[in-house]
Amino acid sequence: DLDWDDAYYQTFGYSEEDTLPTLESWSDFIHPDDVESTLEGLYKIVESGESQWSAEYRFKNKDGSYAFTQDWGTVIHDPKGKPVRMIGLMLDITDRKKKELTIAKQQELLEKSQELGKIGTWELDLVNDKLYWTDENCRIFGVEPGTVANYEIFLSKVHPDDHDYVNKEWIAGVGGKPYDIEHRLLIDGEVTWVREKADLYFNDEGEVTSAIGLTQDITHVRNSLKAIEASEVRFRSLFENAPIAYQ
């Protein structure tokens, strides 16, 4: 048998006159996309002899909509270890899941916009010497997504001819100068151009403790400017060496 307490009616909108889920029909109240994983997890716990089970799935309300639920259960065994009963707690977590889905969607849109704009973001924790990069920032620097770096690893990706310049500008930033620079990276033998901009944060003693910034791949912009400059040089050369005079 499957027994429900009074809170069930209030949570899912049913009345005492409604047909409640039985042990046989319980899966009919679970969202079709969640049935297999929910039952598989439950059977696995029962067959293994474990006593604690938990699952998240969507459960049908009286009006036909589905509520996100968190379900916990404790399996009671007889002296021979045979499961004979389960006592559970079912919690409506719809509001929490909607917020989580909204946050996940916003994160997805942020990651897509960074990918399309070739803009990565980063956070430097100077207290613990850790540099956190978004996936797009990792892509720009040619490292695996999720890599936690530091200033030395960042500097190792900077073009050798730009090391001194980048260091100088960072030190100036620590001194209060706005950090907004363009420089080259050297990734697997390939040169790319980036723009970096950051806000630095100081403690009460005036020491930099952290920084949050962005890295934008501007290689295509630099290449376009270079092509325009080359075109202007060619045009000027043709003009200056033309056999006829122009007025």
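Reading the values: rules and limits
- Just so you know, the residues in each chain are numbered from 1, in the order the chain's sequence is written.
- The predicted origin of the model limits local features to residues at a pLDDT of at least 70 and limits the giving and counting of side-chain atom pairs to 80 or more, whereas totals for whole chains, interfaces and linings rest on all residues.
- Note that the side-chain values use all heavy atoms of the structure and ignore hydrogens as well as water.
- The definition of a nonpolar core used throughout is a set of buried Ala, Val, Leu, Ile, Met, Phe, Trp, Tyr and Cys residues joined through side-chain atoms within 4.5 Å.
- Remark: exposure states derive from per-residue accessible area (1.4 Å probe, protein chains only) relative to the maximum for the residue type, with buried under 20%, exposed over 50%, and partly exposed in between.
- Each helix is a run of DSSP H or I of at least 4 residues and each strand a run of E of at least 2, with the numbering of both proceeding from the N terminus.
- Throughout, a residue-residue contact means that at least one pair of heavy atoms, one from each residue, lies within 4.5 Å.
- Within this document, salt bridges are pairs made up of a side-chain nitrogen of Lys or Arg and a carboxyl oxygen of Asp or Glu, the two lying within 4 Å of each other.

**Student:** Help me understand the nonpolar core, please; the structure alone is not making it clear to me.
**Tutor:** As a rule of thumb, soluble globular proteins bury nonpolar side chains together. Membership of the largest hydrophobic core comes to 24 residues, with the highest contact counts inside it found for Trp133, Phe154, Val166 and Tyr179. Counting residues per element, the ones that place at least two in this core are strand S4 (119-125), strand S5 (130-133), helix H4 (135-141), helix H5 (151-157), helix H6 (163-174), strand S7 (179-187), strand S8 (190-202) and strand S9 (208-217). If one sorts the elements of this core by residue count, S7 sits on top with four residues. The contact partners of Phe154, leaving out residues within four places of it in the chain, are Leu131, Trp133, Phe141, Val166, Tyr179, His183 and Glu196.

**Student:** I keep staring at the pattern of salt bridges and nothing clicks. Help me out?
**Tutor:** Opposite charge on two side chains lets them pair, provided their charged atoms get close. Evaluation of the coordinates by the stated rule reveals eleven salt bridges. Measuring nitrogen to oxygen at the nearest pair gives 3.3 Å for the salt bridge that ties Lys97 to Glu56. Separated by 41 residues along the polypeptide, Lys97 in helix H3 (residues 94-117) and Glu56 in strand S1 (residues 52-60) bring together distant segments of the chain. Residue classification places Glu56 among the partly exposed positions, given a relative accessible area of 39%. By sharing partners, the salt bridges in this structure join Glu56, Arg96, Lys97 and Glu100 into a single network.

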